[in-house]
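Inside the fold
What follows is the residue order along each chain.
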Amino acid sequence: MTETAIPPVKTLPDAQTVTEVTHWTDRLFSFRVTRPQTLRFRSGEFVMIGLLDDNGKPLLRAYSIASPNWDEELEFYSIKVPDGPLTSRLQHIKVGDEIILRPKPVGTLVHDALLPGKRVWFLATGTGIAPFASLMRDPETYEKFDEVVMMHTCRTVEELEYGRQLVENLINDPLIGEMVDGKLKYYPTTTREEFHHMGRITDNLESGKVFEDLGIAPMDREHDRAMVCGSLAFNKDVMKVLEGFGLREGANSEPREYVVEKAFVGDGI
Ligand code: FAD
Ligand code: A2P
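Parameters at a glance
Residues numbered from 1 in each chain as written. Chains lettered and ligands numbered in written order. Predicted model: local features only at pLDDT ≥ 70, side-chain atom pairs only at ≥ 80, totals over all residues. Heavy atoms only, no water. Pairing = 2+ DSSP bridges. Helix = DSSP H or I, 4+ residues; strand = E, 2+ residues; numbered from the N terminus. Axes fitted to C-alpha atoms, helices over the stretch in contact; angles between N-to-C directions. Near = heavy atom within 4 Å. Polar contact = N/O pair within 3.5 Å; in protein donor to acceptor, adjacent residues only side chain to side chain. Areas by Shrake-Rupley, 256 points an atom, 1.4 Å probe, with all protein chains shown as cover. Nonpolar A, V, L, I, M, F, W, Y, C, P; charged D, E, K, R; others polar. Buried < 20%, exposed > 50% of the residue type's maximum accessible area, 1.4 Å probe, protein only. Contact = heavy atoms within 4.5 Å.

**What about the sheet that holds strand β5 (residues 73-79)?**
Judged by pairing direction, the sheet is antiparallel, and its 6 strands sit side by side in the order β4-β3-β6-β1-β2-β5 without closing on themselves. Strands with a single pairing partner mark the edges of an open sheet, and in this sheet they are β4 (58-64) and β5. The sheet shows a mean angle of 40 degrees between the axes of neighbouring strands, direction not considered. When strand β3 (residues 46-52) meets β4, the two strands line up antiparallel, connected through 7 bridges. For Phe 46, the partnering residue across the bridge sits in β4 and is Ser 64.

This is the structure:
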């Protein structure tokens, strides 16, 4: 007698279920998934997420958790790279689908890596706003700092929309809105489309325009702290500017005045 083996039901390892998907532009989308009950993370950290490839092997990439650590679900904000191994597929996920999520959060954009200060600067381009979407919604940010400046720069206005809505909802949030009110200063700019504030973050810091526009004193080592997340070129250039103001790079093991993380690994890097 021949036995026919019943193929095992394919379930993803570390599977989480998609609960919401929002497409912001043809290059950007965000989504929410269930949170593993045991997952603890510090706002600003990233995890590995992904899907199975055609051979049934996990195809994983680093993603900043965009939701705060008190949220019941996890949120991610993603690029759509047309030929990208992961995002060419991930962009098609729907509510009810499963993704892989390795529950081992790590990262440098965390409060523990900064010395206490008066004001914290969140400096991001593109999807680099994701870790700050978490940190801006974390009460600890407002307990630790009197002022929080979110500078986000994209090429076009529509690319700023995820961040804009997030800040607007935050200010009206019953849980954290009162803490945020007056403390959070949002400074979005574009570089390739007309907008009320324009220019690269590096230029607006170096020229002093952002200090003038916000009516605040220029950065200094005693009062200011910064977290940076963008392309490698952006990070390098911002680091130079921050060092020019006297700030020094810190780490989890050695907290100082600023910390940096890549928003993605670029071509040839
Ligand atoms: P890949 O083969 O990984 O990338 C192909 C090319 O696309 C890259 O060489 C680069 O030129 C470009 N690219 C990749 N990611 C981006 C991006 N985010 N913005 C602009 N260009 C990009 N990506 C997110 O979308 N959201 C996040 O929160 C996020 N967090 C990250 C955190 C860390 C610490 C690191 C190292 C990367 C992070 N990334 C994030 C990038 C992510 O890991 C993947 O590279 C991205 O999802 C594309 O995957 P892919 O397989 O489709 O293409
Ligand atoms: P710009 O339009 O002047 O290049 P990208 O879409 O290429 O990832 O860029 C996202 C945003 O980051 C754009 O507004 C871009 O400005 C800006 N940017 C890119 N590289 C740098 C850099 N080295 N320093 C400061 N801003 C940068």
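**Describing the site of ligand 1**
Near ligand 1 there are 21 residues, and of these Ala 62, Tyr 63, Tyr 77, Thr 87 and Thr 127 occur at the shortest range. Between Ser 64 and ligand 1, the recorded distance is 3.2 Å, taken from a backbone N or O atom to an oxygen atom. Bound to the protein, ligand 1 loses 83% of the 870 Å² it would expose on its own. When contributions to the shell around ligand 1 are tallied by element, the ones reaching two or more residues are β4 and β5. Looking at the shell around ligand 1 element by element, the count peaks at 4 residues for β4. Residues belonging to the shell around ligand 1 are distributed by class as follows: 12 nonpolar, 6 polar and 3 charged.

**Comments concerning the environment of Thr 156**
Tracing the sequence through the fold places Thr 156 in the loop between β8 (147-154) and α4 (161-171). Its relative accessible area of 21% is what places Thr 156 among the partly exposed residues. Between the C-alpha atoms of Thr 156 and Thr 38, which are 118 residues apart in sequence, the distance is 39 Å. Setting aside its immediate chain neighbours within four residues, Thr 156 contacts Thr 190 and Glu 193.

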